[in-house]
Amino acid sequence: KAALGLFFVLPPGEQKEVILSWQLPTGVVQHEAGELRYRLLVQKQSGTPAMPIRITVTVPPGSSIVGTRPFPTSVQAKTLLFDLFLGTDQEVEVAFQKGAAGEP
C-alpha cells in the first residue's frame, strides 16, 4: 500500500481538481493464469463525504486488455477510464496480456 496525501487551502464554495500521477513499483502487476493483473484499492477516508473519483489506467505497449472490474467508463487504445463514486472503498482490476496477436 502507498499513502498519498496533500494539503491546500480552498475557500468555501470553491472546487479544485487534484491529479495524482505515479509509476508503479516493480511487483505490483501480478502474473496469474497466463495473464497480467493490476489491482488498485482506493480507500475512503473515514469521516469524509462521498466524492467522485476518476482513475486512468494505461496498459503497456504491445498489450491487449483481457478484462476489467468494474467496467470502464471509456476505453481509448491502451487507456481505460473509470469514473467512480467514493462513498465506500473502491477496487479497480485490469487483466491484460503482453504480445497479443496482431500487436508488435
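Notes on the structure follow. (Residues numbered from 1 in each chain as written. Predicted model: local features only at pLDDT ≥ 70, side-chain atom pairs only at ≥ 80, totals over all residues. Heavy atoms only, no water.)

1. Observations regarding the layout of surface pockets
Taking a probe equal in size to a water molecule and rolling it over the atoms shows the remaining empty space.
So, step 1. If you add up the space inside the largest pocket, you get close to 2,400 Å³.
So, step 2. Looking at the lining of the largest pocket, the elements that each hand over two or more residues are β2 (35-42) and β3 (51-58).
So, step 3. Considered class by class, the residues forming the lining of the largest pocket number 29 nonpolar, 8 polar and 6 charged. (1 Å grid on protein atoms, 1.4 Å probe; cavity = no way out; pocket = protein on both sides within 12 Å on 5 of 7 lines; lining within 4 Å. Points joined across faces, edges and corners; volume = space filled by probe spheres on them. Helix = DSSP H or I, 4+ residues; strand = E, 2+ residues; numbered from the N terminus. Nonpolar A, V, L, I, M, F, W, Y, C, P; charged D, E, K, R; others polar.)

2. Here's the deal with the side chain of R37
So, step 1. For R37, the location among the structural elements is in strand β2.
So, step 2. At 3.1 Å, the side chain of R37 forms a polar contact with the side chain of E32.
So, step 3. In terms of polar contacts, R37 uses its side chain to reach the side chain of E35, at 2.7 Å.
So, step 4. In this structure, R37 is in contact with V28, V29, Q30, E32, E93, V94 and A95, ignoring residues within four places of it in sequence. (Polar contact = N/O pair within 3.5 Å; in protein donor to acceptor, adjacent residues only side chain to side chain. Contact = heavy atoms within 4.5 Å.)

3. A word on the sheet that holds β2
So, step 1. Read across the open sheet, the 4 strands follow the order β1-β2-β7-β4; overall the sheet is antiparallel. Of all strands in the sheet, those with a lone pairing partner are β1 (30-32) and β4 (63-69), marking the two edges. Across the sheet, the mean angle from the axis of one strand to that of its neighbour is 30°, orientation sign disregarded. (Pairing = 2+ DSSP bridges. Axes fitted to C-alpha atoms, helices over the stretch in contact; angles between N-to-C directions.)

4. Quick look at the nonpolar core
So, step 1. I55, V57, L80, F82, L84, V92 and V94 are the most contacted members of the largest nonpolar core, which has 14 residues in total.
So, step 2. Breaking this core down by element, the ones donating at least two residues are β2, β3, β6 (79-86) and β7 (90-98).
So, step 3. At 4 residues, β6 tops the list of elements feeding residues into this core.
So, step 4. Contacts of V92, omitting those with residues within four sequence positions, involve Y38, R39, L40, I55, R69, P70, F82 and L84. (Core = buried A, V, L, I, M, F, W, Y, C linked by side-chain atoms within 4.5 Å. Buried < 20%, exposed > 50% of the residue type's maximum accessible area, 1.4 Å probe, protein only.)

5. What to know about unusual backbone geometry
So, step 1. Between R69 and P70 the backbone carries a cis peptide bond, its omega angle lying at -5°.
So, step 2. Although it is not a glycine, A33 sits at a positive phi angle of roughly 50°.
So, step 3. Of note, A33 is situated in the loop between β1 and β2.
So, step 4. Classification of A33 by relative accessible area gives exposed; the value is 83%.

Such coordinate-based values are descriptive only and should not be taken to indicate function.
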